[in-house]
Structures are given as structure tokens and as C-alpha cells.
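Examining the three-dimensional arrangement
Residue-level listing of the chains:
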Amino acid sequence: MKIFFTKFYAFLRKDIKIGLSYKFNIFIQILAIFFVVSIIFFSLNSTNNQISNLSSIEQNYEFFQVLIGIALVDFMFSSMSVFAREVRLAQTYGTFETLIITNTSILTILLSSYALTFSRSILRILIYIMLGKFIFGLGISVGNIPTFLFLVIYSSIPFIGIGLIAASFIILFKVGNIITLFAGLSSIFFSGIFFSIESLPSAFAGMSNNLPLTIGLDLAKQALVGGISLKQVYPGILVIFYQIALLIPTSILLVYYSLKIAKKNGSLNFY
């Protein structure tokens with residue numbers, strides 16, 4: 001485990017140095033977040049002003065829900081797409097086989113490639129929260145942010161499994177974006193971020209309530225607006241645990257299986 005974290009940190013330090021060499025890009029990303037949050041805030045205010053029976057508290061809660069939802073979607077897509085992207089780039093540049101023949105396992109390489117994406121996603125979520133609190137006046141409890149971050153990371157672990165499955169498909173079939181696209185769009189559609197789950201047919205509503213993004217959104221909202229007890233979060237945490245127990249081992253087996261087949265076919269360095 002110590003060796004893994006040493007290599008994980010080495011990948012992170014390398015990627016940070018590369019990322020800091022593009023300082024203007026960092027500024028553009030922060031500006032883009034502020035722009036998106038501003039559009040959502042003023043769009044919702046414009047719509048809600050036409051509905052006179054909504055109080056300011058209800059309006060702020062609606063904006064809060066969308067803001068947290070977008071932060072979680074950002075984290076979800078980052079968790080799913082990074083592994084497939086790294087494999088695709090390595091195969092495109094012809095360096096994938098070189099990485100495989102080192103003493104570092106393919107799983108360590110893939111997870112370490114997630115280091116910068118993970119750190120950057122956490123930073124973006126904090127920016128979303130700080131903008132919501134200090135610029136747009138949302139009643140967010142700063143003391144609950146650590147609990148909020150833990151629940152966000154935990155509820156995103158199933159998407160890491162989906163991302164590893166997508167990476168295994170790229171290794172084997174040279175295509176995998178369809179998996180992340182389908183999982184991402186379906187999760188967003190059934191999450192209740194942009195419209196109420198109650199408006200869906202009962203069959204879809206039941207499925208929606210068991211999606212990690214929907215559960216994570218509900219837990220994250222509770223964590224930021226006030227204290228939550230273990231009794232409140234336990235059912236959601238248990239559902240996500242079952243998904244983690246299914247997806248993570250399955251995805252690891254698929255990665256090693258696809259790697260074994262690709263070695264036999266001689267297609268490691270092709271995309």
C-alpha cells in the first residue's frame with residue numbers, strides 16, 4: 001500500500017507541474033465555473049420572479065439543489081472519463097505497451113492517473129460551494145463541508161468502477177466512450193437535479209432512487225444545510241456499498257482480462 005501511495009503521489013506531482021505550466025487555462029476554468037453558476041442563479045431568479053407564491057427561501061433552495069447537482073455531475077464525469085482518456089492517449093501515442101512492461105501494475109497506473117483529476121474535481125466542488133455561500137448568499141454551513149466532501153467522494157466510487165469498465169473496453173475493442181456517455185446521461189436524467197423525480201413514472205422513480213448520483217445528491221444536500229445522523233444516511237450508504245462491492249471487483253477483473261486478450265492480439269499500442 002505504501003508503494004501504491006508513493007507512485008500515486010509521483011503521478012500527482014508530475015501532473016500538477018504540467019497543469020501549472022498552463023496558468024491561463026486554470027484562470028479560464030475558474031472563470032467558466034463562475035459564469036455557469038451565474039447563469040443558473042439569474043435564470044432561476046428570472047423564472048421564480050414570475051411565480052409570486054415562491055418565497056426567497058424556496059428560491060434559494062432550488063438554486064442550491066441545482067448547484068450541488070452540477071458539482072456532483074462534474075465529479076461523476078471526471079471519475080468516469082479519466083481512465084478511458086488515459087488509456088486512449090497512451091495507445092494513440094504508442095506508449096501504452098511501455099507502461100505495461102514496467103514493474104507497476106496496470107491498476108496502479110490507471111488509479112494514479114486519477115490523482116490530478118481527483119484533486120482538481122475537489123477544488124472545483126469547493127469553488128462551487130464558496131461561490132454559492134459568499135457570492136450568492138446560500139445558507140451553507142462551512143463546518144459541514146468535510147462531511148459533504150466525504151459523501152460526494154463515497155457516492156462517486158461506483159462511477160470509478162464504470163470508468164475502469166470503459167477503460168477495459170478501450171483496451172479490448174478500442175471504443176469505450178459510449179459506456180461513460182450512457183451511464184452519465186442516464187444518471188443525470190434520473191437524478192432529479194433538473195426536474196422532480198415524482199414527475200417520472202413509478203417504475204423509473206424506483207430506479208432513480210437507487211442511483212448513486214441521486215443518493216449522493218440527497219446526502220450532500222443534507223450534509224451542507226445541517227447536521228445529519230448516521231441513522232439518516234445509513235440506508236443510502238448501504239445501497240452505494242452494494243454497488244461498490246459489485247462494480248469495483250468486476251471492473252478490475254475486466255481490466256486484467258482485456259489486457260490479457262490485447263496482449264495475445266498484439267493490439268496494445270493501437271487505437
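What you are looking at is a predicted structure, and each value in this text was computed from that prediction instead of being measured.

**A few points about the overall build of the protein**
Broken down by element type, the protein carries 11 helices and 0 strands. Ordered by position from N to C terminus, the α and β elements of the protein give α-α-α-α-α-α-α-α-α-α-α. Across the 271 residues of the protein, 45% fall into the buried class. For the protein, contacts bridging at least 24 residues in sequence account for 77% of all contacts bridging at least 6. In the structure as shown, the protein presents an accessible area of about 14,400 Å², 70% of it carried by carbon and sulfur atoms.

**Concerning the packing of aromatic side chains**
The way to describe two aromatic rings as a pair is by their centre distance and the angle between their planes. If you walk through the whole model with that rule in mind, you get 5 aromatic pairs. Ring plane angle 45 degrees and centroid distance 5.6 Å describe the contact between F83 and Y114, whose orientation is recorded as tilted. Taken together, the positions of F83 in helix α3 (residues 56–93) and Y114 in the loop between α5 (106–112) and α6 (115–135) put the pair 31 residues apart, joining distant regions of the chain. Take F83: its relative accessible area is 0%, and that puts it in the buried class. Y114 gets classed as buried once you look at its relative accessible area, which sits at 7%. Members of the aromatic cluster, connected to one another through ring pairs, are F75, F83, Y114 and F118.

**Comments concerning the pattern of salt bridges**
Applying the stated criterion to the full structure yields 1 salt bridge. Between D74 and R124 there is a salt bridge, with its nearest N and O atoms 2.6 Å apart. Note that D74 is positioned in helix α3 and R124 in helix α6, a separation of 50 residues in sequence.

**Description of the environment of I145**
Tracing the backbone through its elements, the reader meets I145 in helix α7 (residues 145–173). The spacing of I145 and I129 is 16 residues in sequence and 8.7 Å in space, taken between C-alpha atoms. For I145, the residues in contact, after removing those within four places along its chain, are L126, I129, M130 and L224.

**Considering the confidence of the model for the protein**
Residues with a pLDDT of 70 or more make up 80% of the protein, whose mean pLDDT is 76. Confidence, expressed as mean pLDDT per element, reaches its minimum in the protein at helix α2 (residues 23–49) with 69 and its maximum at helix α11 (residues 230–265) with 87.

**Some remarks on helix α10 (residues 212–225)**
The first and last C-alpha atoms of α10 sit 20 Å apart over 14 residues, in line with the 20 Å expected at 1.5 Å per residue. Most of α10 sits inside the fold, with 12 of its 14 residues counted as buried.

**Observations concerning the nonpolar core**
Generally speaking, soluble globular proteins have nonpolar side chains that are buried together. Core analysis: the largest hydrophobic core is formed by 67 residues, its most contacted members being I68 and F148. Tallying contributions element by element places α3 first for this core, with 17 residues. Excluding anything up to four places from it in sequence, I68 contacts I129, F148, L217, A220, K221 and L224.

**Let's talk about the side chain of S79**
With respect to the secondary-structure elements, S79 resides in helix α3. The class for S79 is buried, based on a relative accessible area of 0%. Side-chain polar atoms of S79 contact the side chain of Y114, separated by 2.8 Å. S79 has contacts with Y114, S156, F159, I160 and G163, leaving out every residue within four places of it along the chain.

**Overview of the side chain of S78**
Tracing the backbone shows S78 in helix α3. The class of S78 is buried, set by a relative accessible area of 9%. Excluding its chain neighbours within four sequence positions, the residues that come into contact with S78 are Y114, T117, S121 and R124.

**Notes on α6**
Compared with an ideal rise of 1.5 Å per residue, which puts 21 residues at 30 Å, α6 spans 29 Å between its outermost C-alpha atoms and is within 8% of the ideal. Of all the positions in α6, only A115, L116, T117, S121, I122, R124, I125, I127, Y128, I129, L131 and G132 are classed as buried. Immediately beyond the C-terminal end of α6, within one or two residues, lies G137, with a positive phi of roughly 70 degrees.

**Here we look at the packing of α6 against α7**
Remark: α6 packs on α7, axes separated minimally by 12 Å, with the N-to-C direction vectors making an angle of 135 degrees. What the angle tells us is that α6 and α7 run oblique. As α6 runs across α7, the sense of the crossing is right-handed. Counted together, F118, I122, I125, L126, I129 and M130 of α6 and I145, F148, L149, V152 and I153 of α7 form the full contact between these two elements. The residue makeup of the contact of α6 with α7, split by class, is 11 nonpolar, no polar and no charged.

Thresholds applied
Residues numbered from 1 in each chain as written. Predicted model: local features only at pLDDT ≥ 70, side-chain atom pairs only at ≥ 80, totals over all residues. Heavy atoms only, no water. Helix = DSSP H or I, 4+ residues; strand = E, 2+ residues; numbered from the N terminus. Buried < 20%, exposed > 50% of the residue type's maximum accessible area, 1.4 Å probe, protein only. Contact = heavy atoms within 4.5 Å. Areas by Shrake-Rupley, 256 points an atom, 1.4 Å probe, with all protein chains shown as cover. Phe/Tyr/Trp six-rings, centres within 6.5 Å; stacked < 30°, edge-to-face > 60°. Salt bridge = Lys/Arg side-chain N within 4 Å of Asp/Glu carboxyl O. pLDDT = per-residue confidence, 0-100. Expected span 1.5 Å × (residues − 1). Core = buried A, V, L, I, M, F, W, Y, C linked by side-chain atoms within 4.5 Å. Polar contact = N/O pair within 3.5 Å; in protein donor to acceptor, adjacent residues only side chain to side chain. Axes fitted to C-alpha atoms, helices over the stretch in contact; angles between N-to-C directions. Parallel < 35°, antiparallel > 145°, perpendicular 65-115°, else oblique. Left-handed = near helix turned anticlockwise from the far one by under 90°. Nonpolar A, V, L, I, M, F, W, Y, C, P; charged D, E, K, R; others polar.

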